[in-house]
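# Structure assessment
Now for the letters of each chain:
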Amino acid sequence: METASPIQALQSTLAVTSIEDQADFKTTREFLSKFTDLEVLRHWANHPLPNAPKLLEEAVGVAPDLEWLTQDPKNKIIDQIEGKITQIGWTVFSMSILKECHTPAEFPALIKKAAIYYVRVIENCHLRAKEHFLKDTEINPLYCPTRFVSEAEAKTILSEVLDNQVTADGRKRPVVLIGHGWNFDEQKLNQQWGFKFKNLDSILFKVRSLGRVAAMAGVIPWPNRDLGEGLLKLDEMLRGFQIDLTNMWRHDGANDALYQMTLAFLIVLFPILYPGTTAGFPTDASIAGLSINDIWTDVASNKDNAAPVDKGFARFCFYCDATDDHDGTDESPCPSKESDTILCKLCANAIGKKNKRYRDRAHGHQTHRCTLQWSHQCRKFPEVIKPADWSLDDKRALTRGMALADDAMIGAVFRKNIIGEGPIDWTVVADEEKRLEFEATQYSSGEEKELDEDEE
Ligand SMILES: [Zn+2]
Ligand SMILES: [Zn+2]
(Lines give C-alpha, C1' and ligand atoms only; values in the text may rest on other atoms or scores of the structure.)
(Ligands and ions follow the chains in the order given, each with its own letter.)
Protein backbone atom coordinates (compact mmCIF):
# COMPACT_ATOMS: atom_id res chain seq x y z
CA MET A 1 0.00 0.00 0.00
CA GLU A 2 1.38 3.30 -1.01
CA THR A 3 1.52 5.85 1.78
CA ALA A 4 -0.04 9.27 1.59
CA SER A 5 1.79 12.09 -0.08
CA PRO A 6 4.42 13.85 2.01
CA ILE A 7 2.66 17.16 1.47
CA GLN A 8 1.66 18.57 4.81
CA ALA A 9 -1.76 20.04 5.31
CA LEU A 10 -0.36 22.34 7.93
CA GLN A 11 2.93 24.07 8.17
CA SER A 12 4.28 24.93 11.54
CA THR A 13 6.04 28.02 10.28
CA LEU A 14 4.72 30.77 8.10
CA ALA A 15 6.11 30.91 4.62
CA VAL A 16 8.14 33.92 3.74
CA THR A 17 6.93 35.40 0.49
CA SER A 18 9.19 38.04 -0.92
CA ILE A 19 7.86 41.04 -2.78
CA GLU A 20 9.09 39.58 -6.07
CA ASP A 21 7.13 36.42 -5.31
CA GLN A 22 3.96 38.37 -4.73
CA ALA A 23 4.32 40.04 -8.11
CA ASP A 24 4.98 36.62 -9.62
CA PHE A 25 1.75 35.28 -8.08
CA LYS A 26 -0.18 38.22 -9.43
CA THR A 27 1.11 37.93 -13.00
CA THR A 28 0.57 34.15 -12.96
CA ARG A 29 -3.00 34.64 -11.73
CA GLU A 30 -3.59 37.11 -14.55
CA PHE A 31 -2.01 34.71 -17.04
CA LEU A 32 -4.33 31.86 -16.00
CA SER A 33 -7.42 34.03 -16.06
CA LYS A 34 -7.21 34.07 -19.87
CA PHE A 35 -7.82 30.32 -20.11
CA THR A 36 -10.75 28.03 -19.39
CA ASP A 37 -10.89 25.79 -16.31
CA LEU A 38 -10.20 22.76 -18.47
CA GLU A 39 -7.25 24.35 -20.27
CA VAL A 40 -5.76 25.38 -16.94
CA LEU A 41 -6.16 21.94 -15.34
CA ARG A 42 -4.80 20.17 -18.41
CA HIS A 43 -1.68 22.34 -18.22
CA TRP A 44 -0.39 19.90 -15.61
CA ALA A 45 -1.61 16.89 -17.56
CA ASN A 46 0.94 17.18 -20.36
CA HIS A 47 -0.91 19.90 -22.26
CA PRO A 48 1.19 22.87 -21.17
CA LEU A 49 -0.14 26.35 -21.74
CA PRO A 50 2.07 28.36 -24.11
CA ASN A 51 4.62 30.55 -22.30
CA ALA A 52 3.36 29.36 -18.93
CA PRO A 53 5.02 30.98 -15.90
CA LYS A 54 7.49 28.74 -14.10
CA LEU A 55 5.61 29.24 -10.84
CA LEU A 56 2.97 26.76 -12.02
CA GLU A 57 5.42 23.90 -11.59
CA GLU A 58 5.16 24.27 -7.82
CA ALA A 59 1.36 24.39 -7.66
CA VAL A 60 -0.52 22.46 -5.01
CA GLY A 61 -4.05 21.28 -5.68
CA VAL A 62 -6.59 21.56 -2.89
CA ALA A 63 -10.06 20.08 -3.27
CA PRO A 64 -12.09 21.29 -0.30
CA ASP A 65 -15.67 20.50 0.66
CA LEU A 66 -17.72 22.20 3.32
CA GLU A 67 -20.84 20.82 4.93
CA TRP A 68 -23.38 22.81 6.87
CA LEU A 69 -26.66 22.18 8.61
CA THR A 70 -29.43 22.17 6.06
CA GLN A 71 -33.12 22.61 6.42
CA ASP A 72 -35.06 19.52 7.26
CA PRO A 73 -38.47 20.09 5.69
CA LYS A 74 -40.20 17.73 8.11
CA ASN A 75 -38.55 19.05 11.21
CA LYS A 76 -38.33 22.78 10.78
CA ILE A 77 -34.87 24.04 11.61
CA ILE A 78 -34.59 27.59 12.72
CA ASP A 79 -32.67 30.40 11.05
CA GLN A 80 -30.26 30.79 13.95
CA ILE A 81 -28.67 27.41 13.41
CA GLU A 82 -29.56 26.78 9.78
CA GLY A 83 -26.48 26.90 7.60
CA LYS A 84 -23.91 26.62 10.40
CA ILE A 85 -20.68 25.10 9.11
CA THR A 86 -20.28 21.67 10.70
CA GLN A 87 -17.56 19.85 8.74
CA ILE A 88 -14.70 20.50 6.34
CA GLY A 89 -12.85 17.93 4.32
CA TRP A 90 -10.12 18.45 1.77
CA THR A 91 -7.52 16.69 -0.29
CA VAL A 92 -4.04 18.05 -0.98
CA PHE A 93 -1.78 17.00 -3.84
CA SER A 94 0.91 18.32 -6.16
CA MET A 95 -0.71 19.41 -9.39
CA SER A 96 2.28 17.91 -11.22
CA ILE A 97 1.14 14.37 -10.35
CA LEU A 98 -1.29 14.71 -13.26
CA LYS A 99 1.77 14.62 -15.51
CA GLU A 100 2.54 11.11 -14.32
CA CYS A 101 -0.53 9.58 -15.92
CA HIS A 102 0.17 8.43 -19.48
CA THR A 103 -1.88 5.23 -19.40
CA PRO A 104 -5.00 4.09 -17.52
CA ALA A 105 -2.84 1.78 -15.42
CA GLU A 106 -1.10 4.80 -13.92
CA PHE A 107 -4.32 6.45 -12.79
CA PRO A 108 -5.07 4.69 -9.47
CA ALA A 109 -1.67 5.75 -8.10
CA LEU A 110 -2.62 9.43 -8.56
CA ILE A 111 -5.70 9.08 -6.40
CA LYS A 112 -3.66 7.38 -3.69
CA LYS A 113 -1.09 10.16 -3.72
CA ALA A 114 -3.55 12.73 -2.40
CA ALA A 115 -3.61 13.36 1.33
CA ILE A 116 -7.13 13.57 2.81
CA TYR A 117 -8.16 15.50 5.91
CA TYR A 118 -11.35 15.91 7.86
CA VAL A 119 -12.41 18.17 10.70
CA ARG A 120 -15.69 18.64 12.54
CA VAL A 121 -16.40 21.95 14.22
CA ILE A 122 -16.76 21.48 17.98
CA GLU A 123 -19.19 24.35 18.51
CA ASN A 124 -21.58 22.98 15.89
CA CYS A 125 -20.99 19.22 16.04
CA HIS A 126 -24.30 18.64 17.82
CA LEU A 127 -26.14 20.12 14.83
CA ARG A 128 -26.64 16.86 13.03
CA ALA A 129 -28.70 16.49 9.91
CA LYS A 130 -31.72 14.28 10.39
CA GLU A 131 -32.75 13.92 6.78
CA HIS A 132 -32.51 10.41 5.48
CA PHE A 133 -29.84 11.00 2.83
CA LEU A 134 -27.72 13.15 5.15
CA LYS A 135 -28.15 11.17 8.34
CA ASP A 136 -24.88 10.05 9.96
CA THR A 137 -22.69 11.28 7.12
CA GLU A 138 -20.58 13.27 9.59
CA ILE A 139 -19.59 10.17 11.51
CA ASN A 140 -18.66 8.19 8.41
CA PRO A 141 -15.55 9.57 6.76
CA LEU A 142 -14.29 6.51 4.88
CA TYR A 143 -10.78 7.58 3.96
CA CYS A 144 -9.18 9.48 6.84
CA PRO A 145 -9.53 10.02 10.58
CA THR A 146 -11.74 12.72 12.10
CA ARG A 147 -10.43 15.58 14.19
CA PHE A 148 -12.73 17.76 16.25
CA VAL A 149 -11.48 21.35 16.26
CA SER A 150 -12.86 24.65 17.47
CA GLU A 151 -14.32 27.04 14.95
CA ALA A 152 -11.28 29.31 15.43
CA GLU A 153 -8.92 26.40 14.80
CA ALA A 154 -10.86 25.30 11.74
CA LYS A 155 -10.54 28.78 10.36
CA THR A 156 -6.78 28.81 10.97
CA ILE A 157 -6.38 25.36 9.46
CA LEU A 158 -8.25 26.30 6.32
CA SER A 159 -6.27 29.53 5.95
CA GLU A 160 -3.04 27.54 6.16
CA VAL A 161 -4.21 24.89 3.73
CA LEU A 162 -5.22 27.49 1.17
CA ASP A 163 -2.61 30.14 1.79
CA ASN A 164 0.43 28.69 3.47
CA GLN A 165 1.66 25.66 1.57
CA VAL A 166 5.43 25.83 1.61
CA THR A 167 8.27 24.54 -0.56
CA ALA A 168 11.22 22.74 0.99
CA ASP A 169 13.17 26.01 1.01
CA GLY A 170 10.39 27.93 2.75
CA ARG A 171 8.71 29.73 -0.11
CA LYS A 172 4.95 29.86 -0.54
CA ARG A 173 3.53 27.37 -2.99
CA PRO A 174 0.73 28.53 -5.25
CA VAL A 175 -2.62 26.79 -4.85
CA VAL A 176 -5.17 25.62 -7.39
CA LEU A 177 -8.52 25.24 -5.67
CA ILE A 178 -10.78 22.56 -7.11
CA GLY A 179 -14.24 23.01 -5.68
CA HIS A 180 -17.71 21.91 -6.58
CA GLY A 181 -20.60 24.25 -5.92
CA TRP A 182 -17.77 26.34 -4.55
CA ASN A 183 -19.66 29.65 -4.69
CA PHE A 184 -21.91 28.44 -1.86
CA ASP A 185 -18.94 27.24 0.20
CA GLU A 186 -17.12 30.51 -0.31
CA GLN A 187 -20.22 32.49 0.65
CA LYS A 188 -20.62 30.48 3.87
CA LEU A 189 -16.94 30.93 4.77
CA ASN A 190 -17.25 34.62 4.15
CA GLN A 191 -20.49 35.14 6.07
CA GLN A 192 -19.71 32.95 9.06
CA TRP A 193 -15.96 33.12 9.44
CA GLY A 194 -15.16 36.38 7.68
CA PHE A 195 -13.01 34.62 5.10
CA LYS A 196 -11.75 37.08 2.51
CA PHE A 197 -10.69 35.01 -0.46
CA LYS A 198 -9.40 38.10 -2.22
CA ASN A 199 -6.72 38.30 0.45
CA LEU A 200 -5.49 34.75 0.00
CA ASP A 201 -2.51 35.51 -2.23
CA SER A 202 -1.58 31.89 -2.84
CA ILE A 203 -4.69 30.93 -4.74
CA LEU A 204 -3.84 31.17 -8.43
CA PHE A 205 -6.98 29.65 -9.79
CA LYS A 206 -10.36 28.44 -8.59
CA VAL A 207 -12.49 25.78 -10.21
CA ARG A 208 -15.99 26.50 -8.92
CA SER A 209 -18.07 23.87 -10.68
CA LEU A 210 -17.00 20.47 -11.95
CA GLY A 211 -20.12 20.39 -14.11
CA ARG A 212 -18.68 23.25 -16.12
CA VAL A 213 -15.35 21.46 -16.52
CA ALA A 214 -17.14 18.26 -17.58
CA ALA A 215 -19.14 20.21 -20.17
CA MET A 216 -15.96 21.87 -21.47
CA ALA A 217 -14.47 18.41 -21.89
CA GLY A 218 -17.54 17.15 -23.75
CA VAL A 219 -18.27 14.57 -21.04
CA ILE A 220 -21.68 16.12 -20.37
CA PRO A 221 -23.71 18.45 -22.58
CA TRP A 222 -24.01 22.13 -21.85
CA PRO A 223 -27.48 22.73 -20.47
CA ASN A 224 -30.07 24.65 -22.42
CA ARG A 225 -30.78 27.44 -19.96
CA ASP A 226 -33.80 28.58 -22.00
CA LEU A 227 -35.42 25.24 -21.25
CA GLY A 228 -34.58 25.61 -17.58
CA GLU A 229 -31.89 22.95 -17.74
CA GLY A 230 -28.95 22.93 -15.33
CA LEU A 231 -25.57 21.25 -15.31
CA LEU A 232 -25.53 17.69 -14.02
CA LYS A 233 -25.26 17.32 -10.26
CA LEU A 234 -22.24 15.68 -8.64
CA ASP A 235 -24.10 12.39 -8.01
CA GLU A 236 -25.27 12.24 -11.60
CA MET A 237 -21.76 12.79 -12.89
CA LEU A 238 -20.34 10.15 -10.54
CA ARG A 239 -23.02 7.69 -11.67
CA GLY A 240 -22.09 8.56 -15.25
CA PHE A 241 -18.72 6.98 -14.46
CA GLN A 242 -20.64 3.91 -13.21
CA ILE A 243 -19.82 4.65 -9.62
CA ASP A 244 -22.08 2.93 -7.11
CA LEU A 245 -22.90 5.49 -4.44
CA THR A 246 -24.55 2.99 -2.08
CA ASN A 247 -22.87 3.22 1.33
CA MET A 248 -20.39 5.75 0.03
CA TRP A 249 -21.50 8.37 2.57
CA ARG A 250 -21.83 11.29 0.24
CA HIS A 251 -22.09 14.63 2.08
CA ASP A 252 -19.35 13.76 4.49
CA GLY A 253 -16.83 16.57 3.92
CA ALA A 254 -13.79 14.33 3.46
CA ASN A 255 -15.56 11.74 1.32
CA ASP A 256 -16.91 14.43 -0.96
CA ALA A 257 -13.48 16.04 -1.20
CA LEU A 258 -12.08 12.75 -2.51
CA TYR A 259 -15.04 12.23 -4.83
CA GLN A 260 -14.79 15.67 -6.35
CA MET A 261 -11.02 15.43 -6.76
CA THR A 262 -11.40 12.05 -8.46
CA LEU A 263 -14.08 13.44 -10.77
CA ALA A 264 -11.81 16.36 -11.67
CA PHE A 265 -8.97 13.92 -12.47
CA LEU A 266 -11.32 11.73 -14.54
CA ILE A 267 -12.38 14.72 -16.61
CA VAL A 268 -8.89 16.15 -17.03
CA LEU A 269 -7.40 12.79 -18.02
CA PHE A 270 -10.46 11.59 -19.94
CA PRO A 271 -8.70 11.28 -23.35
CA ILE A 272 -6.03 9.05 -21.76
CA LEU A 273 -8.44 6.98 -19.67
CA TYR A 274 -11.15 6.55 -22.29
CA PRO A 275 -9.52 6.95 -25.72
CA GLY A 276 -12.50 5.28 -27.43
CA THR A 277 -15.03 7.84 -26.18
CA THR A 278 -15.12 11.19 -27.93
CA ALA A 279 -18.17 12.60 -26.15
CA GLY A 280 -20.41 11.64 -23.25
CA PHE A 281 -19.68 9.17 -20.48
CA PRO A 282 -17.69 6.03 -21.35
CA THR A 283 -19.73 2.86 -21.85
CA ASP A 284 -17.19 1.07 -19.70
CA ALA A 285 -15.77 3.39 -17.04
CA SER A 286 -13.40 0.86 -15.52
CA ILE A 287 -9.75 1.85 -15.51
CA ALA A 288 -7.11 -0.83 -16.01
CA GLY A 289 -9.64 -3.41 -14.88
CA LEU A 290 -10.65 -1.50 -11.74
CA SER A 291 -13.91 0.29 -11.12
CA ILE A 292 -13.61 3.69 -9.52
CA ASN A 293 -15.24 2.18 -6.44
CA ASP A 294 -12.35 -0.33 -6.35
CA ILE A 295 -9.83 2.52 -6.43
CA TRP A 296 -11.58 4.23 -3.52
CA THR A 297 -11.78 0.97 -1.57
CA ASP A 298 -8.01 0.82 -1.84
CA VAL A 299 -7.76 4.40 -0.49
CA ALA A 300 -10.14 3.48 2.34
CA SER A 301 -7.93 0.55 3.34
CA ASN A 302 -5.24 3.10 4.23
CA LYS A 303 -7.56 5.11 6.50
CA ASP A 304 -5.86 4.15 9.74
CA ASN A 305 -2.43 5.10 8.40
CA ALA A 306 -3.54 8.49 7.10
CA ALA A 307 -2.09 11.29 9.20
CA PRO A 308 -4.82 13.51 10.65
CA VAL A 309 -4.78 17.26 11.13
CA ASP A 310 -2.42 17.97 14.04
CA LYS A 311 -4.94 20.03 16.02
CA GLY A 312 -8.01 19.19 18.05
CA PHE A 313 -9.26 15.86 19.34
CA ALA A 314 -9.95 12.46 17.84
CA ARG A 315 -13.16 12.16 19.81
CA PHE A 316 -15.60 14.61 21.24
CA CYS A 317 -18.92 14.17 23.01
CA PHE A 318 -21.35 16.98 22.47
CA TYR A 319 -23.49 15.83 25.37
CA CYS A 320 -20.83 16.41 28.01
CA ASP A 321 -17.94 18.08 26.09
CA ALA A 322 -15.59 15.20 26.96
CA THR A 323 -12.66 14.81 24.56
CA ASP A 324 -10.85 11.64 23.54
CA ASP A 325 -13.19 9.70 25.73
CA HIS A 326 -16.35 8.38 24.15
CA ASP A 327 -17.96 9.18 20.80
CA GLY A 328 -20.41 12.02 20.73
CA THR A 329 -22.94 10.26 18.61
CA ASP A 330 -26.57 9.63 19.27
CA GLU A 331 -25.85 5.92 19.17
CA SER A 332 -23.05 5.54 21.71
CA PRO A 333 -23.96 6.13 25.31
CA CYS A 334 -22.62 9.16 27.14
CA PRO A 335 -22.33 8.39 30.87
CA SER A 336 -23.42 11.90 31.87
CA LYS A 337 -26.39 11.77 29.55
CA GLU A 338 -27.38 8.36 30.84
CA SER A 339 -27.19 9.53 34.44
CA ASP A 340 -29.47 12.48 33.64
CA THR A 341 -27.03 15.05 35.05
CA ILE A 342 -27.02 17.24 31.94
CA LEU A 343 -29.60 19.98 32.19
CA CYS A 344 -30.48 22.79 29.80
CA LYS A 345 -31.23 25.90 31.82
CA LEU A 346 -33.12 27.44 28.93
CA CYS A 347 -35.55 24.57 28.63
CA ALA A 348 -35.77 23.99 32.40
CA ASN A 349 -36.68 27.66 32.94
CA ALA A 350 -38.98 28.08 29.98
CA ILE A 351 -42.00 29.57 31.71
CA GLY A 352 -45.64 29.03 30.75
CA LYS A 353 -48.06 26.29 29.88
CA LYS A 354 -47.02 26.08 26.23
CA ASN A 355 -43.38 25.52 27.17
CA LYS A 356 -44.12 22.48 29.30
CA ARG A 357 -43.03 20.16 26.50
CA TYR A 358 -39.61 21.86 26.47
CA ARG A 359 -39.32 21.69 30.26
CA ASP A 360 -40.00 17.98 29.92
CA ARG A 361 -37.03 17.73 27.53
CA ALA A 362 -34.67 19.85 29.63
CA HIS A 363 -32.47 16.89 30.55
CA GLY A 364 -29.93 15.42 28.18
CA HIS A 365 -28.60 18.48 26.38
CA GLN A 366 -26.42 21.36 27.45
CA THR A 367 -27.64 24.94 27.63
CA HIS A 368 -25.12 26.21 25.06
CA ARG A 369 -26.13 23.51 22.59
CA CYS A 370 -29.88 23.96 22.98
CA THR A 371 -31.62 23.86 19.63
CA LEU A 372 -35.08 23.82 21.21
CA GLN A 373 -34.75 27.38 22.52
CA TRP A 374 -35.67 28.74 19.10
CA SER A 375 -39.02 27.01 19.31
CA HIS A 376 -39.87 28.16 22.86
CA GLN A 377 -42.74 30.53 23.41
CA CYS A 378 -41.36 33.80 24.75
CA ARG A 379 -42.21 34.33 28.39
CA LYS A 380 -44.58 37.08 29.45
CA PHE A 381 -42.94 40.35 30.48
CA PRO A 382 -44.19 42.99 32.92
CA GLU A 383 -46.43 45.58 31.23
CA VAL A 384 -44.24 48.40 32.40
CA ILE A 385 -41.42 47.57 29.98
CA LYS A 386 -43.85 47.37 27.02
CA PRO A 387 -41.97 44.75 25.01
CA ALA A 388 -44.80 44.39 22.50
CA ASP A 389 -42.91 46.36 19.84
CA TRP A 390 -39.62 44.57 20.35
CA SER A 391 -38.29 42.24 17.71
CA LEU A 392 -38.69 38.52 18.28
CA ASP A 393 -34.91 38.24 18.58
CA ASP A 394 -34.89 40.76 21.40
CA LYS A 395 -37.81 39.11 23.17
CA ARG A 396 -36.00 35.81 22.90
CA ALA A 397 -32.80 37.37 24.18
CA LEU A 398 -34.64 38.74 27.20
CA THR A 399 -36.32 35.38 27.77
CA ARG A 400 -32.92 33.71 27.58
CA GLY A 401 -31.36 36.27 29.90
CA MET A 402 -34.10 35.62 32.45
CA ALA A 403 -33.75 31.83 32.17
CA LEU A 404 -30.00 32.07 32.72
CA ALA A 405 -30.19 34.91 35.25
CA ASP A 406 -27.70 36.65 32.97
CA ASP A 407 -27.89 40.34 33.85
CA ALA A 408 -25.55 41.35 31.04
CA MET A 409 -27.82 39.72 28.47
CA ILE A 410 -30.89 41.33 30.03
CA GLY A 411 -29.12 44.68 30.20
CA ALA A 412 -28.14 44.55 26.55
CA VAL A 413 -31.76 44.18 25.49
CA PHE A 414 -32.85 47.02 27.75
CA ARG A 415 -30.07 49.26 26.54
CA LYS A 416 -31.05 48.64 22.96
CA ASN A 417 -34.81 48.97 23.34
CA ILE A 418 -35.33 51.40 26.20
CA ILE A 419 -32.19 53.46 26.63
CA GLY A 420 -31.27 53.28 22.96
CA GLU A 421 -28.31 51.93 21.01
CA GLY A 422 -26.17 55.06 21.12
CA PRO A 423 -24.45 57.20 21.53
CA ILE A 424 -21.34 55.23 22.34
CA ASP A 425 -19.46 54.26 19.23
CA TRP A 426 -18.15 50.85 20.20
CA THR A 427 -15.46 50.99 17.57
CA VAL A 428 -13.69 53.83 19.34
CA VAL A 429 -14.52 52.83 22.89
CA ALA A 430 -11.10 51.26 23.36
CA ASP A 431 -9.58 54.71 23.05
CA GLU A 432 -10.79 56.31 26.28
CA GLU A 433 -9.88 59.84 25.27
CA LYS A 434 -11.74 59.58 21.98
CA ARG A 435 -14.72 58.00 23.66
CA LEU A 436 -15.06 60.82 26.19
CA GLU A 437 -14.81 63.42 23.46
CA PHE A 438 -17.38 61.58 21.40
CA GLU A 439 -19.77 61.19 24.30
CA ALA A 440 -19.41 64.82 25.24
CA THR A 441 -20.58 65.86 21.77
CA GLN A 442 -23.56 63.53 22.05
CA TYR A 443 -24.59 64.49 25.57
CA SER A 444 -23.74 68.18 25.56
CA SER A 445 -27.32 69.44 25.59
CA GLY A 446 -28.24 67.36 28.65
CA GLU A 447 -25.21 68.50 30.57
CA GLU A 448 -25.78 72.13 29.70
CA LYS A 449 -29.33 71.95 30.97
CA GLU A 450 -28.18 70.53 34.28
CA LEU A 451 -25.57 73.27 34.55
CA ASP A 452 -28.21 75.90 33.88
CA GLU A 453 -30.32 74.49 36.66
CA ASP A 454 -27.33 74.52 39.03
CA GLU A 455 -26.68 78.15 38.22
CA GLU A 456 -30.16 79.21 39.11
ZN1 LIG B 1 -20.41 12.45 26.99
ZN1 LIG C 1 -32.79 23.32 25.81
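Residues numbered from 1 in each chain as written. Chains lettered and ligands numbered in written order. Predicted model: local features only at pLDDT ≥ 70, side-chain atom pairs only at ≥ 80, totals over all residues.

### Concerning the overall build of the protein chain
Put simply, the test is: Runs of H or I in DSSP of at least four residues are treated as helices and runs of E of at least two as strands, each being numbered from the N terminus. Counting other C-beta atoms within 10 Å of a residue's own tells you its class, since 20 or more makes it buried, 12 or fewer makes it exposed, and anything in between is partly exposed; those C-beta atoms are placed from the backbone. Contact between residues is assigned whenever the C-beta positions, reconstructed from backbone atoms, fall within 7 Å.
When helices and strands are tallied, the protein chain shows 16 helices and 6 strands. The buried share of the protein chain, taken over its 456 residues, is 33%. Considering only intrachain contacts with a sequence separation of at least 6, the fraction spanning at least 24 residues in the protein chain is 69%.

### Overview of helix α8 (residues 253-268)
The α-helix winds at 3.6 residues per turn, so residues separated by three or four positions along the chain end up facing the same way. What counts is decided by this rule: By definition here, a helix of n residues has an expected span of 1.5 Å times n minus one.
For α8, with 16 residues, the first-to-last C-alpha span of 22 Å sits near the 22 Å given by 1.5 Å per residue. Extensive coverage of α8 is indicated by the burial of 16 of its 16 residues.

### Thoughts on the sheet that holds strand β6 (residues 203-207)
Short version of the rule: For two strands to pair, DSSP has to find at least two bridges joining them. Every angle, taken between N-to-C directions, lies between 0 and 180 degrees, and every axis is a line fitted to C-alpha atoms, over only the stretch in contact when it is a helix.
The strand order across the open sheet built from 6 strands is β4-β3-β2-β1-β5-β6, with neighbouring strands paired in mixed fashion. Looking along the sheet, the strands with just one partner apiece sit at the ends: β4 (147-149) and β6. In this sheet, neighbouring strand axes are inclined to one another by 25° on average, regardless of whether the strands run parallel or antiparallel. With 4 bridges connecting them, strand β5 (residues 175-178) and β6 associate as parallel partners. When the bridges of β6 are listed, leucine 177 appears paired with lysine 206.

### Here's the deal with the environment of serine 18
For serine 18, the position within the fold is in the segment before α1 (19-32). Counting along the chain gives 153 residues from serine 18 to arginine 171, while the straight-line C-alpha distance between them is 8.4 Å.

### A few points about the confidence of the model for the protein chain
Where we set the bar: One number per residue, pLDDT, summarises how confident the predictor is, and it ranges from 0 to 100.
This prediction gives the protein chain a mean pLDDT of 87; 86% of its residues lie at or above 70. Low pLDDT, under 50, characterises residues 1-12; the stretch is placed with 29 contacts to residues that sit more than four places away or in other chains.

### As for the nonpolar core
To be explicit about the condition: Note on definitions: a nonpolar core is a set of buried residues drawn from Ala, Val, Leu, Ile, Met, Phe, Trp, Tyr and Cys, linked by C-beta atoms within 7 Å.
Judged by nonpolar contacts, the single largest core of 88 residues is most densely connected at Ala264, Ile267 and Leu269. Among the elements that make up this core, the one with the highest residue count is α8 (11 residues). Discounting chain neighbours no more than four positions away, the residues touching alanine 264 are Leu41, Ala63, Ile178, Val207, Leu210 and Val213. One finds Cys344, Leu346, Tyr358 and Ala403 within the second-largest nonpolar core, a separate group that totals 7 residues.

### Remarks on the packing of helix α14 (residues 392-404) against helix α15 (residues 407-419)
To be explicit about the condition: Convention used here: angles under 35 degrees read as roughly parallel, angles over 145 as roughly antiparallel, angles from 65 to 115 as roughly perpendicular, and any remaining angle as oblique. Less than a right angle of anticlockwise turn of the near helix away from the far helix marks a crossing as left-handed, whereas a clockwise turn marks it as right-handed. Think of it as three bins: nonpolar holds Ala, Val, Leu, Ile, Met, Phe, Trp, Tyr, Cys and Pro, charged holds Asp, Glu, Lys and Arg, and polar takes everything else, Gly as well.
Packing of α14 against α15 brings their axes to within 8 Å, and their N-to-C directions diverge by 150°. On the basis of the axis angle, α14 is roughly antiparallel to α15. The crossing of α14 and α15 is left-handed. Along its contact with α14, which presents Asp394, Ala397, Leu398, Arg400, Gly401, Met402 and Leu404, the element α15 presents Met409, Ile410, Val413, Lys416 and Asn417. When grouped by side-chain class, the residues that make up the contact of α14 with α15 number 7 nonpolar, 2 polar and 3 charged.

### What about unusual backbone geometry?
Although it is not a glycine, asparagine 247 sits at a positive phi angle of roughly 60°. Position of asparagine 247 among the secondary structure elements: in the loop between α7 (234-240) and α8. The phi dihedral of alanine 288 is positive, around 50°, even though this residue is not glycine. By the secondary structure assignment, alanine 288 is in the loop between α9 (270-273) and α10 (292-300).

### Considering the pairing of strand β3 (residues 115-121)
The buried count for β3 comes to 6 of 7 residues, which makes it a mostly enclosed element. One ladder, built from 6 bridges, connects strand β2 (residues 85-94) with β3; its direction is antiparallel. Across the sheet, glycine 89 pairs through a bridge with tyrosine 118, a residue of β3. The pairing of β3 with β4 spans 3 bridges and is classified as parallel. Paired with valine 121 across the bridge in β4 is valine 149.

### A look at the pairing of strand β1 (residues 60-68)
Where burial is concerned, most of β1 is hidden: 9 out of the 9 residues are buried. Burial along β1 is two-sided: the residues Val60, Val62, Pro64, Leu66 and Trp68 and Gly61, Ala63, Asp65 and Glu67 are all buried. Bridge count between β1 and β2: 9 bridges; the pairing is antiparallel. The residue bridging glutamate 67 from the neighbouring strand is glutamine 87, located in β2. In this structure, β1 lies alongside β5, joined through 3 bridges in parallel fashion. Across the sheet, valine 60 pairs through a bridge with valine 175, a residue of β5.

### Examining the environment of threonine 341
Structurally, the position occupied by threonine 341 is in the loop between α11 (335-338) and α12 (345-348). Residue threonine 341 is classed as exposed on the basis of its 11 C-beta neighbours within 10 Å. Considered as a pair, threonine 341 and glycine 364 are 23 residues apart in the sequence and their alpha carbons are 7.5 Å apart.

### Let's talk about α10
As a reminder of what qualifies: This arc is built from the directions going out from the helix axis to the C-beta atoms.
For α10, the complete set of buried residues consists of Ile292, Ile295, Trp296 and Val299. Seen along its axis, α10 keeps its buried residues to an arc of 95°; they face one direction. The inward-facing, buried residues of α10 contact α3 (107-113) and α8.

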